[in-house]
Amino acid sequence: MNKRSWVLYLAIAQLVLAVAVMVYGTVTRKMTGRQSDILIAASLLVFWILSDILEPVVMKRFKDITQEQKTAYIKFLVLDFAGLAGIAYFLYSMGNAGGNGLVGAIIYVITMKPKRDSQDIFYHGVPEEKDETEQETENVLEQTDGEADESEDENVDDPRTLS
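Scope of this entry: the structure provided in the associated data block.

Conventions adopted
- Residues numbered from 1 in each chain as written.
- Predicted model: local features only at pLDDT ≥ 70, side-chain atom pairs only at ≥ 80, totals over all residues.
- Heavy atoms only, no water.
- Phe/Tyr/Trp six-rings, centres within 6.5 Å; stacked < 30°, edge-to-face > 60°.
- Helix = DSSP H or I, 4+ residues; strand = E, 2+ residues; numbered from the N terminus.
- Buried < 20%, exposed > 50% of the residue type's maximum accessible area, 1.4 Å probe, protein only.
- Expected span 1.5 Å × (residues − 1).
- Bend = angle between axes of the 7 residues up to and from the residue.
- Axes fitted to C-alpha atoms, helices over the stretch in contact; angles between N-to-C directions.
- Parallel < 35°, antiparallel > 145°, perpendicular 65-115°, else oblique.
- Left-handed = near helix turned anticlockwise from the far one by under 90°.
- Nonpolar A, V, L, I, M, F, W, Y, C, P; charged D, E, K, R; others polar.
- Patch = residues over 30% accessible without salt bridge, like charges linked within 9 Å, V, L, I, M, F, W, Y side chains within 5 Å.
- Areas by Shrake-Rupley, 256 points an atom, 1.4 Å probe, with all protein chains shown as cover.
- Salt bridge = Lys/Arg side-chain N within 4 Å of Asp/Glu carboxyl O.
- Contact = heavy atoms within 4.5 Å.

### Thoughts on the packing of aromatic side chains
Applying the stated criterion across every chain yields a total of eight aromatic pairs. With centroids separated by 5.0 Å and ring planes inclined at 65°, the aromatic side chains of W48 and F81 adopt a geometry described as edge-to-face. One end of the pair, W48, is in helix 2 (residues 33–58); the other, F81, is in helix 3 (residues 67–94), with 33 residues separating them in the sequence. For W48, a relative accessible area of 14% corresponds to the buried category. Ring plane angle 65° and centroid distance 6.3 Å describe the contact between F76 and Y123, whose orientation is recorded as edge-to-face. A residue pair is termed long-range when its members are at least 10 positions apart, and F76 in helix 3 and Y123 in helix 4 (residues 101–124) qualify at 47 residues. The same class applies to F76 and to Y123, which are both buried. Members of the aromatic cluster, connected to one another through ring pairs, are F62, Y73, F76, F122 and Y123.

Structure below.
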């Protein structure tokens, strides 16, 4: 078992344990709504710490990273925290009258794409961009292909080429 799996499994296990405690407390009526809210927030915070902070440290992902990757990590960290806070607010509002939990769900959805982009840059580096000469060559080839297609179409309809 590698270190990433160990940290990931620990993070998931604590979430499962929190849900089990919450279900048990709700069924036996030994847990209040406020206690459930605290348990949700605490378990999401622990999940964030384990998956976003502990995992990169354990896997030594900060060794030999670029400035872009450092910046991407900070963005990823903040956006994931905001998204998990949105989920926590959504779950909190579901159990409370007058709560607007949809706001929390929207926050989570809005943060997903930029978080994944930043996460990808942190873990895999900045994708190499083509230099200007490669880009210009591709543009010329695309234009040439387009002109060749047009000239072939013109010859098909031209009565001089039919005979």
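Picking up where we left off.
### A few points about helix 2
Working note: α-helix, 3.6 residues per turn, so residues spaced by three or four point in the same direction. Between its first and last C-alpha, helix 2 extends 36 Å over 26 residues, near the 38 Å set by a 1.5 Å rise per residue. The axis of helix 2 is deflected most strongly, by about 30°, at L50. Of all the residues in helix 2, the buried ones are S36, D37, I40, S43, L44, F47, W48, L50, S51, D52, E55 and P56. Just downstream of helix 2 lies K60, where phi reads positive at about 55°.

### Description of unusual backbone geometry
Residue R29 is not a glycine yet carries a positive backbone phi of 60°. Take R29: it is sitting in the loop between helix 1 (3–27) and helix 2. Judged by its relative accessible area of 75%, R29 is exposed. Positive phi is not limited to glycine here, since K60 has a value of about 55°. Among the structural elements, K60 can be located in the loop between helix 2 and helix 3. The class for K60 is exposed, based on a relative accessible area of 58%.

### Remarks on the packing of helix 3 against helix 4
Following both chains from N to C, one finds helix 3 and helix 4 inclined at 160°, their axes separated by 7 Å at the closest point. Judged by the inter-axis angle, helix 3 sits roughly antiparallel to helix 4. As for the relative orientation of helix 3 and helix 4, their crossing is left-handed in sense. Tallied by class, residues from the contact of helix 3 with helix 4 come to 17 nonpolar, 10 polar and four charged.

### Some details on a nonpolar patch on the surface
Together, L45, I49, I53, V57, F62 and F81 make up a nonpolar patch on the protein surface, roughly 490 Å² of accessible area in all. Broken down by element, the nonpolar patch gets its largest block of residues, four residues, from helix 2.

### Re the packing of helix 2 against helix 3
When two helices pack together, their arrangement is captured by the angle between the axes and the distance separating the axes. It is the contact of helix 2 with helix 3, at a shortest axis distance of 10 Å, that shows an interaxial angle of 165°. Overall, the two elements helix 2 and helix 3 adopt an arrangement that is roughly antiparallel. Regarding helix 2 and helix 3, the two cross each other, and that crossing is right-handed. Residues R34, D37, I40, L44, L45, F47, W48, D52, I53 and P56 of helix 2 form the contact with helix 3, whose own contacting residues are Y73, F76, L77, D80, F81, L84, I87, A88, L91 and Y92. Taken together, the residues that form the contact of helix 2 with helix 3 break down as 16 nonpolar, no polar and four charged.

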